[in-house]
Amino acid sequence: MANLTAALEQIDKANARLARNNIAERFTYALDPYTHEETNALGITIAQERVRLTLSAPRIGFGGWVFIARLVEEEAGYVTFCAPGQNLDGWSRPETPHCDYCDKSRRRAKLYVLRHTETGEIKQVGASCITLFLGVKVAGLWTLEYDLDEHLPALGGQEWGEPAAGGDRSLHKLDTIALALAFSEGGRGYISRARARDREIPATADTIATAVWGLASIRNQAVRRELEDGVAKAHRIKAEQPELIDAVLASAETVDPTTDYGMNLRTLLAGEYVSAKSVGIAASLVAVYARQQQYAAERATIVPGFVAPKGAKVADLDATVTVSRIIDGHYGSKTLLVLRTDGNQLIKWFASGARDYEPGQRVRILRATVKDHETFRDQDQTVVTRAKLDTLEPAA
């Protein structure tokens, strides 16, 4: 809370810069005050007033064209960083640094991706051609990579988990995977940045960055030892378990290549080194691998057969959510739920509307009617309808 004034001053400066360039939109924010409690080494509970600041970026565009992403050069190609609320899933990204305006392919320091709000057309344009493409001089593109933390050095930089990498630093992809395995219990405990913000714990990627580039700044000896132990463990993994690292790298092939994430992974892993800015993307692959291993273990214990005959009523069945996916259609949203009963059989339910369930969540099927029997990927599934569920435990 004591740092809030400094943060708001930086946001005001950013908005003043937008105003000087005659840009109507501004950075906006929402504040969520709360009390953070923790128990210190003496067993005494202490509290600190804090505030969560959620920052929204302005939309920059002209003539129907809106800037939705920038492309950052990596060793084997370009990685996409989308503006807040934007995505490029399904876009066939060119393999070369091609500019759709000048029609030339050459190495470029900056490339931008624009989408037309009416037609949905997507263009990839080099920074030097933006003015020619739009017919006006564009200001405000710095907002696509604005990071409030970079403007507040007094707020941190010394604590475990805060990003410590910068400049043109890079990390070998094998070391990246080994460190991610070491700091995430083999991928099972991987912490994304979004989850880190929600739970106020260090993100795995930021822990890696601190261990590699910021260890000298850590004053807390216990934290320093934990980071050093993690680095030592990563060295052992790399030396003694190269097949594990190979298996993690191979798991990238299971990620949909038409998504931003899938394309970014393939671009990063095609080279030998990963830039500090992209370490988080590469490190997240250990979570993909861990989910695959868990899924394979669960498949091995599935019991063949169905919960009940077609048309039968079932009630009071405890189960765990294994799949929860919201599907949008012409007639509204549906939620696909796949549940694993305590008897290790699978139940599938297409629920109307968007339902708030997460994989790993424990539920009780209070009642349902068996609609059909299906076999999907060699696994029997009991399809139910008119189900009513009660939540027993949140997802782990």
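See the structure printed just above.
If you're wondering where the values come from, they're calculated on a predicted model, not measured in any experiment. Within any chain, residue numbers begin from 1 and follow the written order of that chain's sequence. Reporting of local features is limited, given that this is a predicted model, to residues whose pLDDT is at least 70; pairs of side-chain atoms are given and counted only at 80 or more, and all residues count toward the totals for whole chains, interfaces and linings. Derived side-chain values reflect all non-hydrogen atoms in the structure, with water molecules and hydrogen atoms excluded from consideration.

Trainee: Residue-level account of the side chain of T341, with values.
Mentor: Helix numbers and strand numbers start at the N terminus; a helix is a DSSP run of H or I with at least 4 residues, a strand a run of E with at least 2. With respect to the element layout, T341 can be found in strand 12 (residues 332-341). For T341, a relative accessible area of 6% corresponds to the buried category. Discounting chain neighbours no more than four positions away, the residues touching T341 are V307, D318, A319 and I347. Partly exposed describes any residue whose relative accessible area lies between the buried limit of under 20% and the exposed limit of over 50%, with all areas from a 1.4 Å probe on protein chains only and scaled to the type maximum. Residues count as neighbours in contact if any of their non-hydrogen atoms are within 4.5 Å of one another.

Trainee: An account of the pattern of salt bridges is requested, with residue identities and associated values reported.
Mentor: Any Lys or Arg side-chain nitrogen found within 4 Å of a carboxyl oxygen on Asp or Glu counts as a salt bridge. Enumeration over the complete set of coordinates arrives at 9 salt bridges. As a salt-bridge pair, E121 and K123 come within 3.2 Å of each other at their nearest N and O atoms. Looking at E121, the relative accessible area reads 36%, which means it is partly exposed. Here R193 ties to D206 by a salt bridge, and the two come within 2.5 Å at their closest N and O atoms.

Trainee: Describe helix 3 (residues 173-182), with residues and values.
Mentor: In terms of burial, helix 3 is largely enclosed, as 8 of its 10 residues are buried. Residues K173, T176, I177, A178, L179, A180, L181 and A182 constitute the buried set of helix 3.

Trainee: Kindly report on the nonpolar core, identifying the contributing residues and their values.
Mentor: Take the buried residues of types Ala, Val, Leu, Ile, Met, Phe, Trp, Tyr and Cys, join any two whose side-chain atoms come within 4.5 Å, and each joined set is a nonpolar core. Ranked by internal contacts, the top residues of the largest apolar core, which has 42 residues, are I177, L181, I208, V248 and L285. At the level of secondary structure, the elements contributing two or more residues to this core comprise strand 5 (77-82), helix 3, helix 5 (204-213), helix 6 (221-240), helix 7 (242-250), helix 8 (260-270), helix 9 (279-283) and helix 10 (285-301). It is helix 3 that provides the largest number of residues to this core, a total of 6 residues. Judged by nonpolar contacts, the second largest core, of 25 residues, contains I11, A14, Y112 and C129.

Trainee: Explain the environment of G230 residue by residue, including any values.
Mentor: Structurally, G230 can be placed in helix 6. We classify G230 as buried; its relative accessible area is 8%. Each C-alpha atom, one on G230 and one on T207, is 9.7 Å from the other, the two residues being 23 residues apart in sequence. Aside from chain neighbours lying at most four places away, what touches G230 is A182 and F183.

Trainee: A description of the pairing of strand 6 (residues 111-116) should follow, citing residues and the corresponding values.
Mentor: With 5 of its 6 residues buried, strand 6 lies for the most part within the structure. DSSP-based pairing: two strands are paired if at least 2 bridges between them are found. Note: strand 4 (residues 65-74) against strand 6, 6 bridges, orientation antiparallel. Looking across to strand 6, one finds that F67 is bridged to L114. Where strand 6 meets strand 7 (residues 122-126), 5 bridges bridge the pair, whose relative direction is antiparallel. Paired with L114 across the bridge in strand 7 is K123. Counted between consecutive antiparallel strands, the loop separating strand 6 from strand 7 contains 5 residues, among which G120 sits at a positive phi close to 80°.

Trainee: Kindly report on the environment of L317, identifying the contributing residues and their values.
Mentor: For L317, the position within the fold is in strand 11 (residues 317-329). When its relative accessible area of 23% is taken as the criterion, L317 is described as partly exposed. Taking the C-alpha atoms as reference points, L317 and S217, 100 residues apart in sequence, are found 53 Å from one another. Apart from residues no more than four positions distant in its own chain, L317 is found in contact with V307, I347, V363, R364 and I365.

Trainee: So, the pairing of strand 4: which residues are in play, and what are the values?
Mentor: Extensive coverage of strand 4 is indicated by the burial of 9 of its 10 residues. Pairing geometry for strand 3 (residues 61-62) and strand 4, over 2 bridges, is antiparallel. Within the sheet, the bridge partner assigned to G61 lies in strand 4 and is V66. Between strand 3 and strand 4, which follow one another and run antiparallel, lie 2 residues, and G63 among them has a positive phi close to 60°. Inspection of the sheet shows strand 4 paired to strand 5 by 6 bridges, in the antiparallel sense. Across the sheet, R70 pairs through a bridge with F81, a residue of strand 5. Hairpin geometry of strand 4 and strand 5 is characterised by an intervening segment of 2 residues between the two adjacent antiparallel strands.

Trainee: An account of the side chain of Q361 is requested, with residue identities and associated values reported.
Mentor: Of note, Q361 is situated in the loop between strand 13 (346-352) and strand 14 (362-376). Residue classification places Q361 among the buried positions, given a relative accessible area of 10%. There is a polar contact of 2.9 Å between the side chain of Q361 and the backbone nitrogen of E358. The definition of a polar contact used here is a pair of N or O atoms within 3.5 Å, where within protein one atom must be able to donate a hydrogen and the other to accept one, and adjacent residues in sequence count solely through side-chain atom pairs.

Trainee: Give me the packing of helix 6 against helix 7: which residues, what numbers.
Mentor: Running from N to C, helix 6 and helix 7 cross one another at 90°; their axes reach a closest spacing of 5 Å. One way to sum up the angle between helix 6 and helix 7 is to call them roughly perpendicular. In contact with I237, K238, A239 and E240 of helix 6, helix 7 contributes P242, E243, L244 and I245. Inter-axis angles, ranging from 0 to 180 degrees, are taken between N-to-C directions of lines fitted to C-alpha atoms, where helices are fitted over the stretch in contact. For classification purposes, an angle smaller than 35 degrees is called roughly parallel, one larger than 145 roughly antiparallel, one from 65 to 115 roughly perpendicular, and anything else oblique.

Trainee: Outline unusual backbone geometry, supporting the account with residue identities and numerical values.
Mentor: The backbone phi angle of D316 is positive, close to 55°, even though this residue is not glycine. Within the fold, D316 resides in the loop between strand 10 (313-314) and strand 11. Of note, R386 is a non-glycine position whose phi angle comes to about 50°, a positive value. Within the secondary structure, R386 sits in strand 15 (residues 379-393). Residue classification places R386 among the exposed residues on the basis of a relative accessible area of 58%.

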